[in-house]
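# What the coordinates show
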Amino acid sequence: MKKLVLVFALAAAVSVGAFAQHPNGWGAGLLMQNNFSWSGGGNTAWWGLSLKAPQLPIHWGIHMKTQSGMFGLSVAGDYHLFDKRLVNDANFNFFFGIGANASFIISDDTTSIFMGGRIPIGVYYMPVEFFEVFLNVAPTLGLFVNPTSFPEGFMGLDLGVRFWM
């Protein structure tokens, strides 16, 4: 019985590394996020930074949008529940997770706040150990304040690059 427990403990310890494909260091990069509104509000493109700190399991996105008469700032944090290599030789990976999003938008006639949850689903490719290209979709559902609207949602699409140090 002790041998069986030891075998399962060793298998669990070895398999943890099989699901964690991202490097453990600092990750920083640029991304473009496009949000397609479910309520017919059109789409909006945001530019931002993609950040990942060592030992913290959250992938952060900090986005900004400026245009005539409008300024927006958004922060999203995602935890990857599943991160698995799809193609061993090519270092092509798949991830699935949960996250949260908060946005603050100021325009000529109103100030709005959005808070919601998101489900990031995506792929990433690491041609070399320190460089990553990623693409994900993130269905998002939440509350818009001023004007108050619930449920409010959009489909987020993120495309970016990240450098690992």
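Numbering of residues starts from 1 in each chain and follows the order in which that chain's sequence is written. Local features in a predicted model are, by the rule used here, given only for residues with pLDDT of at least 70; side-chain atom pairs are given and counted only at 80 or more, and totals for whole chains, interfaces and linings are based on all residues. As a rule here, side-chain values cover all heavy atoms of the structure and leave hydrogens and water aside.

A helix here means a DSSP run of H or I that spans at least four residues, while a strand means a run of E at least two residues long, and both kinds are numbered starting from the N terminus. A count of helical and extended segments in the protein gives 1 helix and 9 strands. In the protein, the succession of helices and strands from N to C terminus is α-β-β-β-β-β-β-β-β-β. Contact definition: two residues touch when any of their heavy atoms are within 4.5 Å. Partitioning the contacts of the protein with sequence separation of at least 6, the portion at a separation of at least 24 is 50%. Each accessible area is a Shrake-Rupley result for a 1.4 Å probe, and residues are judged covered by the shown protein chains and nothing else. For the protein, the computed accessible surface area is about 9600 Å², with 72% contributed by carbon and sulfur atoms.

This paragraph deals with the pattern of salt bridges. A carboxyl oxygen of Asp or Glu within 4 Å of a side-chain nitrogen of Lys or Arg is what we treat as a salt bridge. Scanning all chains against the criterion turns up 3 salt bridges. Look at the salt bridges and you will find they share partners, linking Asp78, Arg118 and Asp158 into a network.

So, on to unusual backbone geometry. The backbone of glutamine 55 shows a phi angle near 65°, a positive value even though the residue is not glycine. Assignment of secondary structure puts glutamine 55 in the loop between strand S2 (43–52) and strand S3 (58–67). Buried, partly exposed and exposed residues are distinguished by accessible area as a fraction of the type maximum, computed with a 1.4 Å probe on protein chains only: under 20%, between the cut-offs, and over 50%, respectively. The exposure class assigned to glutamine 55 is exposed, which follows from its relative accessible area of 74%. Of note in the backbone geometry, asparagine 91 takes a positive phi value of approximately 55° without being a glycine. Within the element layout of this structure, asparagine 91 appears in the loop between strand S4 (70–87) and strand S5 (92–107).

Here the focus is the environment of glycine 160. Within the secondary structure layout, glycine 160 lies in strand S9 (residues 149–164). What makes glycine 160 buried here is its relative accessible area of 7%. Each C-alpha atom of the pair glycine 160 and leucine 31 lies 3.9 Å from the other, and the pair is 129 residues apart in sequence. Once residues lying within four places of it in the same chain are set aside, the contact partners of glycine 160 are Leu30, Leu31, Glu132, Val133 and Phe134.

What follows concerns the packing of aromatic side chains. Here a Phe, Tyr or Trp ring, Trp counted by its six-membered ring, pairs with any other such ring whose centre lies within 6.5 Å, and the pair is stacked when the planes are under 30 degrees apart, edge-to-face when over 60, and tilted otherwise. For the structure shown, the criterion picks out 5 aromatic pairs. Ring geometry for phenylalanine 131 and phenylalanine 163: centres 5.1 Å apart, planes at 50°, overall tilted. With a gap of 32 residues between them, phenylalanine 131 in strand S8 (residues 131–145) and phenylalanine 163 in strand S9 connect regions that are remote in the sequence. With a relative accessible area of 40%, phenylalanine 163 lands in the partly exposed category. Above the ring of phenylalanine 134, the side-chain terminus of arginine 162 is found at 4.5 Å from the ring centroid. Over a ring means this: the NZ of a Lys or the CZ of an Arg is within 6 Å of the ring centre and within 35 degrees of the ring normal.

In this section: empty space enclosed by the protein. Here a cavity denotes grid points, spaced 1 Å and computed from the protein atoms alone, that fit a 1.4 Å probe unable to get out, and a pocket denotes an open set having protein on both sides within 12 Å along at least 5 of 7 lines; residues with an atom within 4 Å of a point are the lining. Grid points are joined across faces, edges and corners, and a volume is the space filled by probe spheres set on the points. Here the structure, examined in full by the defined rule, presents 1 cavity of 30 Å³ or more. Put simply, the largest cavity is a space of about 180 Å³. Of all the secondary structure elements, the ones that give two or more residues to the lining of the largest cavity are strand S1 (27–37), S3, S4, S8 and S9. Here the lining of the largest cavity takes 4 residues from S3, the largest share from any one element.

With that out of the way, let us pick up the pairing of S8. Criterion used throughout: strands pair if DSSP finds at least two bridges between them. When strand S6 (residues 111–118) meets S8, the two strands line up antiparallel, connected through 6 bridges. Within S8, the residue paired with phenylalanine 114 across the bridge is phenylalanine 144. Remark: 2 residues form the turn of the hairpin made by strand S7 (residues 121–128) and S8, two consecutive strands paired antiparallel. Both S8 and S9 contribute to a ladder of 13 bridges, which runs antiparallel. Across the sheet, the residue bridging to glycine 142 is glutamate 152, located in S9. Linkage of S8 to S9, two consecutive antiparallel strands, is achieved through a turn of 3 residues, within which asparagine 146 is found at a positive phi near 70°.

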